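# Inside the fold
So you can see what is in the structure, the chains are spelled out below.
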Amino acid sequence: MADNGPPDAGTVQVLQDLANRLRIHSIRATCASGSGHPTSCCSAAEIVSVLFFHTMRYRQTEPRHPDNDRFILSKGHAAPLLYAAWVEAGGVDEPDLLNLRTIHCDLEGHPTPRLPFVDVATGSLGQGLGAACGMAYTGKYLDKAGYRVFCLMGDGESSEGSVWEALAFASHYSLDNLVAVFDVNRLGQSGVTPLKHCTDAYRSRLEAFGWNTYLVDGHDVEALCHVFCQAAQVKNKPTAIVAKTFKGRGIPNVEDAENWHGKPMPKERAEEVIRLIESQIQTNRNLIPNPPVEGSPQISITNIKMSSLPDYKVGDKIATQKAYGLALAKLGRTNGRVIVLDGDPKNTFCEIFKKEHPDRFIECFTAEQNMVSVALGCATRGRTIAFVTTLATFLTRAFDQIRMGAISRTNINLIGSHCGLSVVEDGPSQMALDDLAMFRSIPNCTVFYPSDAVSTEHAVYLAANTKGMCFIRTSGPDTAVIYTPGENFEIGQAKVVRHSSNDKVTVIGAGVTLHEALVAADALSQQGISVCVIDPFTIKPLDAATIISKAKATGGRVITVEEHCQEGGIGEAVCAAVSGEPGIHVHHLAVSAVPPSGKPSELLDMFGISARHIIAAVKNTLMN
């Protein structure tokens, strides 16, 4: 059985032999697939051998057990090394390695949670450490459990700004259960990395960020065992291990040579290299990991209920972003695993949740990329119901983290406030005008766009119970409550807010523009023109059946109006929904250029999405 204390000479030899077996597995797998990154695997073989068979505590037969130590391969291109470790641990059949990267095999080119021992997808560099921070934060502050989190980084990816956001976060929250291992093999994809093998420079930077830091020979298993043991004794600081390694270690004429990134060994050379490495293996023993320290609480994050119906009356005026904050605090009373991550805007009303549930509020400061990655980590293994809150426009800078979250099959909820033109006079940098396009493009993402306080509370409740990623778009202006507290809302089900048997045009709006559409409908009614007004509630999935039905009932005349750019928003969603239906024409009112600063009412009018312009569009549609 593996021992977390200093290894004896026999254990050292077994660990070195395991490292060489990992090299062989990696070379064989990538050679069989004709693609992959064996040299990146070879540099980290000793690190992974020591972690998996000496340092980490986990149940091999239950990779997602809540008490297991966590491992994140941030340098995801070294996936064959991870798969090789699980071959040796008993979680992957060795013959499966030869199916690496094939369409019917779960051993993909970069790790994804299709595999039970992968918590988050990696491969887009610079994101693993943020997810590791989320896991470590959950372990220390929410689970209050003994599991530790290990993240293997590449030196090339340490140029990513998101890495340094994560380093700052871990230090700020004293994540002493987190260990980041930097595999400093000197070589990136196109050439040498900025710091080459200057490990002292890494140490200086990491220590400046408040990390306990060790330098080590990354190919010395005894030294690695020692520093991992030391890291376990450190309190109130995360630990970084800077390991000097050589890319392609053990492969003659390839070790530490340029132009070998992402290239498998040619078949004619592979067996020769494997025989050479095999000649260095002295044992055929294996090591069994120590079991985890039990202590994670049993929790449930399914079938979440609200304690009562929404406490609003028709006609009350409240901004949907404030209603979101109130709903979130209410949800937090019903389940102790609801958490909120905030990006420091302090005007998204999530401070209501913070006041009621301070122990479940995570301030991530102005670091949106890391905030999303932390949320992904917090949500792994079903430990939390995570809500990420910031201005909608700022989520665009975390688009890659959001995209990777979808690949990770995560269940997190992102809330974007201050959408559209209605952000007082702050100007275009604060206006979310492309967020719907972004989130509609994310696989398995539900996109909510509530238009009053009642529907906002339902959106929060539904998001908490929905599998996959959710986005809720909220607005700043106070708008009237239009639904009764007992109104039922479902994902993919629109609300027909105004209709009659004499409707001539169907108008579809959401958020502020739904209220503009209702004003327009009242004015048109006084002129003898009746229109149908639809609130889609969810933009993805869109209630195509209701829209098509009402469009046909109004002679195929549809007008969409939105606080969003023309590309990728409500108008294009509706066009896609009706594209197979003959005789339906969609007129699209949207923001067509970069707006200036101005009052919301002025901007709505300037860009043709106010009630006045909706009235004109209806009349023009009827004339044509």
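Residues numbered from 1 in each chain as written. Predicted model: local features only at pLDDT ≥ 70, side-chain atom pairs only at ≥ 80, totals over all residues. Heavy atoms only, no water.

Our focus in this paragraph is the sheet that holds strand S9 (residues 385-391). A sheet is described by the order of its strands in space; here 7 strands give the open sequence S8-S7-S9-S10-S12-S11-S17, paired in mixed fashion. Single-partner strands in this sheet number two, and they are strand S8 (361-363) and strand S17 (538-540). Pairwise comparison of adjacent strand axes, ignoring direction, gives a mean angle of 20° for this sheet. Note: strand S11 (residues 445-448) against strand S12 (residues 469-473), 4 bridges, orientation parallel. Across the sheet, the residue bridging to Val447 is Phe471, located in S12. Taken strand by strand, helix H12 (residues 368-379) contacts strand S7 (338-342), S8, S9 and strand S10 (412-417), and its axis lies near 170° from that of S9. (Pairing = 2+ DSSP bridges. Helix = DSSP H or I, 4+ residues; strand = E, 2+ residues; numbered from the N terminus. Axes fitted to C-alpha atoms, helices over the stretch in contact; angles between N-to-C directions. Contact = heavy atoms within 4.5 Å.)

Of all 11 residues in helix H3 (residues 45-55), 11 are buried; the element is thus mostly enclosed. When H3 is considered as a whole, its buried residues turn out to be Ala45, Glu46, Ile47, Val48, Ser49, Val50, Leu51, Phe52, Phe53, His54 and Thr55. (Buried < 20%, exposed > 50% of the residue type's maximum accessible area, 1.4 Å probe, protein only.)

Before going further, it helps to examine helix H8 (residues 221-231). Every buried residue belonging to H8 is among Val221, Leu224, Cys225, Val227, Phe228 and Ala231, and all of these are buried. Taken together, the buried residues of H8 touch helix H1 (9-33), H3, strand S2 (149-154), strand S3 (178-184), strand S4 (212-217) and strand S5 (239-244). The N-terminus of H8 is capped by Asp220, whose side-chain oxygen sits 3.1 Å from the backbone nitrogen of Glu222. (Polar contact = N/O pair within 3.5 Å; in protein donor to acceptor, adjacent residues only side chain to side chain.)

Under the domain assignment used here, the protein chain contains domain 1 (10-279), domain 2 (316-481) and domain 3 (495-623). If you average the C-alpha positions of domain 1 and of domain 2, the two centres end up 32 Å apart. Across the contact, 32 residues belong to domain 1 and 29 residues belong to domain 2. Between domain 1 and domain 2, the buried area comes to about 2400 Å², and carbon and sulfur atoms account for 54% of it. Looking at the side of domain 1 facing domain 2, the largest losses of area belong to Gln127, Leu142 and Glu165, adding up to 23% of the total buried there. Linking domain 1 to domain 2 there are 3 salt bridges. Counting across the interface, domain 1 meets domain 2 through 11 residue pairs in polar contact (both at pLDDT 80 or more). (Domains from an automatic or database assignment. Buried area = accessible area lost by both parts, 1.4 Å probe. Salt bridge = Lys/Arg side-chain N within 4 Å of Asp/Glu carboxyl O.)

Let's shift gears to the UniProt feature "domain: Transketolase-like pyrimidine-binding" (unreviewed entry) in the protein chain. UniProt's entry tags residues 318-481 with the feature "domain: Transketolase-like pyrimidine-binding" (unreviewed entry), counted in the numbering of this structure. The annotated region residues 318-481 carries 37% helix and 20% strand content, and the separation between its end C-alpha atoms amounts to 7 Å. (UniProt positions renumbered as here; feature names shortened; annotations may be inferred.)

What follows concerns the nonpolar core. Residues Leu129, Leu178, Leu341 and Leu414 are the most contacted members of the largest nonpolar core, which totals 80 residues. Considering every element that reaches this core, the biggest residue donor is helix H5 (residues 128-142), with 8 residues. The residues contacting Leu178, other than those within four sequence positions of it, are Leu129, Ala132, Cys133, Ala136, Val149, Ala170, Trp211, Pro238 and Thr239. One finds Val14, Val48, Leu73 and Val234 within the second-largest nonpolar core, a separate group that totals 54 residues. (Core = buried A, V, L, I, M, F, W, Y, C linked by side-chain atoms within 4.5 Å.)

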